[in-house]
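Architecture and fold: a report
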Amino acid sequence: MTDRREFHDLASPEAAHEAIASLDLGGGTETVPLREARGRVLAERIDAELDVPGFDRASMDGYAIRARDTFGADEADPARLELVGTVHAGSEPDVTVEEGTAAEISTGAVMPPGADAVVMVERTDRVERSSTERANGEAVSGTDEGAVLVRTSLAPGDHVMLAGADVAAGERTLGTGTELTPREIGLLSALGIDEVPVRAKPRVGIVSTGDELVRPGGDLDSAAGQIYDVNSYTTATAVEEAGGEAVLYPHAGDDYDEMERLLTEAAAECDLVLSSGSTSASAVDVIYRVIEERGELLLHGVAVKPGKPMLVGRLDGGDSPSAYVGLPGYPVSALTIFRAFVAPAIREAAGRPEPRTATVEGKMAVEERYSEGRRRLMPVGLVDDGTGDTLVYPVDKGSGATTSLVEADGIVEVPAETEYLAAGEAVSVQLFSPDVRVPSLYAVGEDDPALSRLLDDLDRPRYLSVGTREGLRRLRNGVPDAAVAAGDPEIAADHEELGGWTREWGLVVPDGNPADVTGVADLADRDLRLVNRGSNSGLRAALDDAVAALADERESSRRELTDAIDGYELTVKAHESPARKVAAGDADAGLGLRHTAEKLGLGFVSLGEQDVRVLANPERTEKAGVQDLRAAVANVESVLGELAGYSPQD
């Protein structure tokens with residue numbers, strides 16, 4: 001029997017930060033080509049070794065002159081200067097400007113010898129030499145360029161960029177720790193630098209553990225409990241965002257020897273090894289034993305939610321031990337713990353600055369109770385209430401819910417001693433990124449294909465498919481801007497209806513309806529397996545009503561009929577889910593829509609039509625996002641033509 005490792009004294013979050021800070025995450029210096037230097041951090045100061053520009057150049061089109069030749073010139077009494085030639089950008093001047101002469105010049109061209117100013121062409125008039133002048137041999141230096149009248153006085157240096165005016169040789173141009181953006185790359189290019197010394201990126205090996213994991217793109221056997229590996233790519237992207245170099249290793253199963261082999265291989269090649277999963281106190285979670293036997297375990301378990309089963313230690317993989325951090329297995333927990341504890345250490349090793357301040361002040365939209373005695377990093381979403389205030393609502397769907405990764409905008413840190421956050425209480429939200437923007441529309445409710453198409457035409461909407469019943473509950477609480485309800489649920493009188501449509505619902509069956517299903521009675525009377533929708537769904541409510549009507553007709557109870565239907569309580573989330581179970585051969589019938597059946601090439605037994613209504617929060621009707629939704633719903637007929645069984649409301 002394998003011993004279980006229990007969590008006893010959980011370390012404080014501060015102790016976890018200290019343990020990670022004690023690790024050596026690499027760093028150092030390397031030289032990279034300038035073309036590949038964007039986003040890197042300079043490891044050394046760079047001084048200019050040449051002037052930029054390296055010559056005196058004209059800063060506009062005009063004429064290169066000697067300023068003293070224009071003293072006293074004005075519109076009424078212009079100075080006349082004989083032209084001696086032209087200087088083009090990129091060419092060495094072949095003329096000299098002497099007293100009483102000028103040379104035509106282009107922007108960026110080298111100032112010719114003798115000239116110390118440029119007069120813009122708009123303040124001059126070009127004149128040709130007369131035939132008398134040509135006959136008398138009055139040409140200057142034997143040229144025949146004509147002359148220019150200068151209608152303004154100039155001082156030496158006017159409209160001239162002197163050598164070194166931009167960057168002077170020997171000048172400090174960029175300092176250590178500068179992050180190289182396109183601006184800095186441009187400056188280094190002007191200095192002729194083609195490679196730069198930068199802080200080396202910490203090399204971070206990523207190992208996901210668990211027999212059930214399959215890398216995205218691989219063949220998935222859901223019947224065997226397999227799931228796609230979310231953490232490898234998510235963590236790798238987060239590592240790169242923090243300034244590290246991510247190295248993906250094959251996922252390790254729950255076999256001790258294989259886990260040991262992969263972890264020690266990663267430790268030999270990387271500065272830091274990150275694993276996800278296999279860190280809890282389960283008998284099969286053996287990764288901490290690998291760390292204890294092949295390195296040093298500094299910490300196991302942190303008083304924080306999510307992420308209690310975090311590991312910190314060192315792992316021997318070669319000449320010197322590598323830093324090691326074990327992240328939780330659930331994606332939301334893994335990413336949250338990485339951002340809070342690991343990303344700051346990677347940024348420091350890479351010389352990257354702390355990210356721009358990314359916090360938003362808001363008010364709790366609802367009360368949230370919490371009394372687990374651990375610091376909580378609570379995922380939250382943001383919604384604009386239409387009056388300029390930001391409301392904050394929890395998006396904690398459980399550690400295993402990957403949708404929380406995109407439905408949440410940031411984190412509210414809740415101290416361990418806090419028992420609840422009151423509705424209206426001020427909170428500070430640490431955004432996942434400075435680029436996070438509050439959605440233009442936050443709506444909830446029924447999962448519906450027509451709605452999905454309408455939302456495609458809106459700017460940054462957020463829609464949570466929580467079902468009709470839950471959507472209306474949230475709308476009554478005043479958090480979302482709108483809710484979508486299907487069927488005939490009880491709706492508050494003050495909710496403003498924006499419009500809607502009708503959809504045909506029924507039973508999705510295999511193509512050709514081989515079991516000859518005709519209705520609900522067949523499900524109750526015959527050996528047929530059903531896949532149903534959850535109780536929050538408007539489709540489920542419609543089926544419940546149909547069963548109740550059949551029970552009344554037979555003078556029996558609804559419970560007797562639902563007990564007789566195999567799989568009535570087998571519920572799935574989305575509108576296509578039951579149909580996909582039927583297509584896979586896992587059921588004889590599934591609750592669904594005619595559109596879904598035709599889309600998947602399945603049969604359909606119609607049980608009726610159902611109204612879908614879009615309802616607005618009465619306090620948000622003037623909000624721009626709600627107005628855009630109103631306009632989209634008014635144009636719903638433009639999308640209904642491609643949906644079988646759909647029609648406009650009467």
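Shown above is the structure to which this text applies.
It should be emphasised that the depicted structure is a prediction, and the values quoted were computed from it without experimental measurement.

1. Things to note about the overall build of the chain
Looking only at helices and strands, the chain has 17 helices and 37 strands in total. Over its C-alpha atoms the chain spans a radius of gyration of 36 Å, topping by over 25% the 26 Å that the globule rule assigns to 650 residues. C-alpha extents for the chain along the principal axes are approximately 125 × 70 × 50 Å. In the chain, which comprises 650 residues, the proportion classed as buried is 48%. Pairs at least 24 apart in sequence give 72% of the contacts found in the chain among residues at least 6 apart. For the chain, the accessible surface area stands at approximately 30,100 Å², while carbon and sulfur atoms represent 44% of it.

2. Topic: a negative patch on the surface
The grouping of Glu 497, Glu 609, Asp 611 and Asp 650 at the surface amounts to a negative patch. On the secondary structure map, Glu 497 appears in strand 32 (residues 496-509).

3. Describing the packing of aromatic side chains
Enumeration according to the criterion identifies one aromatic pair in this entry. Where Tyr 393 meets Tyr 442, the ring centres are 4.5 Å apart and the plane angle is 5°; that geometry is what we call stacked. With a gap of 49 residues between them, Tyr 393 in strand 25 (residues 390-394) and Tyr 442 in strand 29 (residues 441-445) connect regions that are remote in the sequence. Just as Tyr 393 is buried, Tyr 442 falls in that class too. A cation over an aromatic ring shows up here: Arg 369 above the ring of Tyr 420, its NZ or CZ 4.9 Å from the ring centre.

4. Quick word on the pairing of strand 31 (residues 482-486)
Here strand 31 lies mainly inside the structure; five of its five residues are buried. Burial along strand 31 is two-sided: the residues Ala 482, Val 484 and Ala 486 and Ala 483 and Ala 485 are all buried. Note that strand 29 and strand 31 share three bridges and pair parallel. Paired with Val 444 across the bridge in strand 31 is Ala 483. One ladder, built from five bridges, connects strand 31 with strand 36 (residues 603-616); its direction is antiparallel. Note on strand 36: the bridge partner recorded for Val 484 is Val 614.

5. As for the sheet that holds strand 5 (residues 79-87)
The six strands lie next to each other as 7-4-6-5-9-8, forming an open sheet whose pairing is mixed. The sheet is open, and its two edges are formed by strand 7 (117-120) and strand 8 (124-127), each paired on a single side. Geometrically, the sheet is characterised by an average inter-axis angle of 40° between neighbouring strands, direction not taken into account. In this sheet, strand 9 (residues 147-150) lies alongside strand 8 in antiparallel orientation, the contact comprising four bridges. Opposite Arg 126, over in strand 9, you have Val 148 as the bridge partner.

6. What to know about helix 6 (residues 287-294)
Buried residues of helix 6: Ile 287, Tyr 288, Arg 289, Val 290 and Ile 291, and no others. For helix 6, the elements touching its buried residues are helix 5 (256-269), strand 17 (272-276), strand 18 (295-300), strand 20 (311-315) and strand 21 (322-327).

7. A word on the sheet that holds strand 16 (residues 245-248)
Spatially, six strands are ordered 16-13-17-21-20-18 in an open sheet, and the strand pairing comes out mixed. The strands lining the two open edges of the sheet, one partner per strand, are strand 16 and strand 18. Strand-to-strand twist across the sheet, computed as the mean angle between neighbouring axes with direction ignored, equals 20°. Along the sheet, helix 5 contacts strand 13 (203-208), strand 17, strand 20 and strand 21; its crossing angle with strand 17, the most-contacted strand, is approximately 150°.

8. Some thoughts on the nonpolar core
Here is a general trend for soluble globular proteins: nonpolar side chains tend to be buried in one another's company. Counting residues in hydrophobic clusters, the biggest one holds 47 residues, and the most contacted among them are Trp 501, Leu 530, Leu 543, Leu 629 and Leu 640. The element contributing the most residues to this core is helix 12 (residues 538-554), with six residues.

9. Description of empty space enclosed by the protein
All told, the structure shown has two cavities of 30 Å³ or more when counted by the stated rule. Looking at the largest cavity, its volume works out to about 40 Å³. Every residue lining the largest cavity is listed: Gly 39, Arg 40, Val 41, Arg 199, Lys 201, Gly 243, Ala 350 and Arg 352. Grouping the amino acids of the lining of the largest cavity by side-chain chemistry returns two nonpolar, two polar and four charged. Taken as a whole, the second largest cavity spans an internal volume of roughly 30 Å³.

10. Considering the pattern of salt bridges
Tallied over the full model, the rule gives 44 salt bridges. Arg 45 is the salt-bridge partner of Asp 47, the closest N and O atoms lying 2.9 Å from each other. Assessed through its relative accessible area of 29%, Asp 47 is described here as partly exposed. A salt bridge links Glu 104 to Arg 126, with the nearest nitrogen and oxygen atoms 3.6 Å apart. Of this pair, Glu 104 sits in strand 6 (residues 101-105) while Arg 126 is found in strand 8, placing the two residues 22 residues apart along the sequence. For Glu 104, a relative accessible area of 30% puts it in the partly exposed group. Salt bridges sharing common partners tie together Glu 75, Arg 123, Asp 125 and Arg 151.

11. Describing the pairing of strand 17
With five of its five residues buried, strand 17 lies for the most part within the structure. Residues Leu 272, Leu 274 and Ser 276 point to one face of strand 17 and Val 273 and Ser 275 to the other, with burial holding for every one of them. Looking at chain direction, strand 13 and strand 17 are connected through five bridges and run parallel. Within the sheet, the bridge partner assigned to Val 207 lies in strand 17 and is Ser 275. Pairing analysis gives five bridges linking strand 17 to strand 21, with the strands arranged parallel.

12. Some thoughts on the packing of helix 1 (residues 13-21) against helix 7 (residues 331-350)
It is at 10 Å that the axes of helix 1 and helix 7 come closest, and there the two elements cross at 25°. Accordingly, the angle class assigned to the pair helix 1 and helix 7 is roughly parallel. Like other packed secondary-structure pairs, helix 1 and helix 7 cross with a definite hand, here right-handed. In this structure, helix 1 uses Pro 13, Ala 16, His 17 and Ile 20 to contact helix 7, whose residues at the interface are Ala 340, Phe 341, Val 342 and Ala 345. Per-class residue counts for the contact of helix 1 with helix 7 are seven nonpolar, one polar and no charged.

13. Some points on the side chain of Asp 522
Structurally, the position occupied by Asp 522 is in helix 11 (residues 520-525). A polar atom in the side chain of Asp 522 sits 2.6 Å from the backbone nitrogen of Thr 518. In this view, Asp 522 contacts Asp 516, Val 517 and Leu 528; residues no more than four positions away in its chain are not counted.

What counts as what
- Residues numbered from 1 in each chain as written.
- Predicted model: local features only at pLDDT ≥ 70, side-chain atom pairs only at ≥ 80, totals over all residues.
- Heavy atoms only, no water.
- Helix = DSSP H or I, 4+ residues; strand = E, 2+ residues; numbered from the N terminus.
- Rg over C-alpha atoms; globule rule 2.2 N^0.38 Å.
- Buried < 20%, exposed > 50% of the residue type's maximum accessible area, 1.4 Å probe, protein only.
- Contact = heavy atoms within 4.5 Å.
- Areas by Shrake-Rupley, 256 points an atom, 1.4 Å probe, with all protein chains shown as cover.
- Patch = residues over 30% accessible without salt bridge, like charges linked within 9 Å, V, L, I, M, F, W, Y side chains within 5 Å.
- Salt bridge = Lys/Arg side-chain N within 4 Å of Asp/Glu carboxyl O.
- Lys, Arg positive; Asp, Glu negative; His and termini not counted.
- Charge placed at Lys NZ, Arg CZ, Asp CG, Glu CD.
- Phe/Tyr/Trp six-rings, centres within 6.5 Å; stacked < 30°, edge-to-face > 60°.
- Lys NZ or Arg CZ within 6 Å of the ring centre and 35° of its normal.
- Pairing = 2+ DSSP bridges.
- Axes fitted to C-alpha atoms, helices over the stretch in contact; angles between N-to-C directions.
- Core = buried A, V, L, I, M, F, W, Y, C linked by side-chain atoms within 4.5 Å.
- 1 Å grid on protein atoms, 1.4 Å probe; cavity = no way out; pocket = protein on both sides within 12 Å on 5 of 7 lines; lining within 4 Å.
- Points joined across faces, edges and corners; volume = space filled by probe spheres on them.
- Nonpolar A, V, L, I, M, F, W, Y, C, P; charged D, E, K, R; others polar.
- Parallel < 35°, antiparallel > 145°, perpendicular 65-115°, else oblique.
- Left-handed = near helix turned anticlockwise from the far one by under 90°.
- Polar contact = N/O pair within 3.5 Å; in protein donor to acceptor, adjacent residues only side chain to side chain.

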